Amino acid sequence: MENIELHKVVFSIKELPATGLPEIVLCGRSNVGKSSFINSLFNKKNLAKTSSTPGKTRSINYFLVNNAYFLVDLPGYGFAKASKTDKEKWERLINDYFKASKNIFLAVHLVDSRHTPTALDVTMNNYLASEKIKTLVVLTKADKLNQAEKSKAAKQTTAIFPQIEINVNSFFYSSVSGTGHKEVMNFFKKSLQQH
Ligand SMILES: Nc1nc2c(ncn2[C@@H]2O[C@H](COP(=O)(O)OP(=O)(O)OP(=O)(O)O)[C@@H](O)[C@H]2O)c(=O)[nH]1
Ligand SMILES: [Mg+2]
């Protein structure tokens, strides 16, 4: 049985915990389903706060899993309605996080399966690749797509992120139906072992 608990909420780089434990970081556009992903993966209703309004998560949230690793929920990027100051603050926090964290063994990049990846998605993915961070691409909200739409999404995403292979290092996921849960959990376990 997986055990998960909120360990720390961080609003400024000075508060980043010196954990010593390996970290899985979740990144993606605001409203893509990062917080829902955590809750559904670990069968918790309200562990990570979710909202239909983008920009819900504004802090870096550290969740401790099985006392073995951290799952780090980042604030989402590309929230159109955020003020310039807020955007800059978030951007700085995320940049500082990546610079400061020496223990990332996996990045989960969440992309909305219903839309073509945005320019910021591409920037994020390129950044992870340039930093040589092992990356799992999760195509969220898969319950909203039928089979034909899924194939189209798979083609589109692999064209934009050439390093991904569906069902190898990229999975469709739904926090509603359970699609992809088992695959993602197995990927986490394997990555932790290989770390
Ligand atoms: N149908 C469906 N809706 C989802 C799924 N995952 C998330 N949502 C909905 O999408 C909205 C945003 O979800 P969040 O988990 O709060 O998104 P987030 O990426 O954490 O957003 P920020 O904290 O703003 O960066 C909520 O209304 C969720 O209910 C999914 O798999 N299927
Ligand atoms: Mg969130």
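Residues numbered from 1 in each chain as written. Chains lettered and ligands numbered in written order. Predicted model: local features only at pLDDT ≥ 70, side-chain atom pairs only at ≥ 80, totals over all residues. Heavy atoms only, no water.

A. Region of the structure containing the environment of Ala-107. You can see Ala-107 is positioned in strand β5 (residues 104–112). Separated by 17 residues in sequence, Ala-107 and Met-124 have C-alpha atoms that sit 11 Å apart. Once residues lying within four places of it in the same chain are set aside, the contact partners of Ala-107 are Val-25, Leu-128, Ile-133, Lys-134, Thr-135 and Leu-136. (Helix = DSSP H or I, 4+ residues; strand = E, 2+ residues; numbered from the N terminus. Contact = heavy atoms within 4.5 Å.)

B. Examining the nonpolar core more closely. Counting residues in each nonpolar core, the largest one holds 25 residues, and the members touching the most others are Phe-37, Phe-42, Leu-71, Val-108, Leu-136, Val-184 and Phe-188. Secondary-structure elements contributing two or more residues to this core are β2 (23–28), α1 (34–41), β3 (60–65), β4 (69–73), β5, β6 (135–140) and α5 (181–194). If you look at the next biggest cluster of nonpolar residues, it comprises 20 residues, including Leu-16, Cys-27, Leu-74 and Leu-128. (Core = buried A, V, L, I, M, F, W, Y, C linked by side-chain atoms within 4.5 Å. Buried < 20%, exposed > 50% of the residue type's maximum accessible area, 1.4 Å probe, protein only.)

C. Representation of the environment of Gln-147 within the structure. Relative to the elements of secondary structure, Gln-147 occurs in helix α4 (residues 147–160). Spatially, the C-alpha atom of Gln-147 lies 30 Å from that of Asp-73, the residues being 74 residues apart in sequence.

D. Expanded view of the pattern of salt bridges. A full pass over the atoms with the stated rule returns four salt bridges. Residues Lys-84 and Glu-88 are paired through a salt bridge, measuring 3.5 Å at the closest nitrogen-oxygen approach. With Lys-84 and Glu-88 both in helix α2 (residues 84–100) and four residues apart, the pair spans about one turn of that helix. The residue Arg-114 makes a salt bridge to Asp-112 at a minimum N-O spacing of 2.8 Å. Linked through salt bridges whose partners overlap, the residues forming this network are Arg-29, Asp-112 and Arg-114. (Salt bridge = Lys/Arg side-chain N within 4 Å of Asp/Glu carboxyl O.)

E. Spatial organisation of the side chain of Ser-59. With respect to the helices, strands and loops of the structure, Ser-59 is situated in the loop between α1 and β3. At 2.8 Å, the side chain of Ser-59 and the side chain of Asn-61 are in polar contact. If near-sequence neighbours (up to four positions away) are discounted, Ser-59 is found in contact with Val-9, Val-10, Phe-11, Asp-73, Leu-74 and Pro-75. (Polar contact = N/O pair within 3.5 Å; in protein donor to acceptor, adjacent residues only side chain to side chain.)

F. The pairing of β2, seen in detail. For β2, a buried count of six out of six residues is recorded, marking the element as mostly surrounded by other parts of the structure. Neither face of β2 is open: one carries Glu-23, Val-25 and Cys-27, the other Ile-24, Leu-26 and Gly-28, and all of them are buried. Looking at chain direction, β2 and β4 are connected through four bridges and run parallel. In the strand pairing of β4, Ile-24 is matched with Leu-71. (Pairing = 2+ DSSP bridges.)

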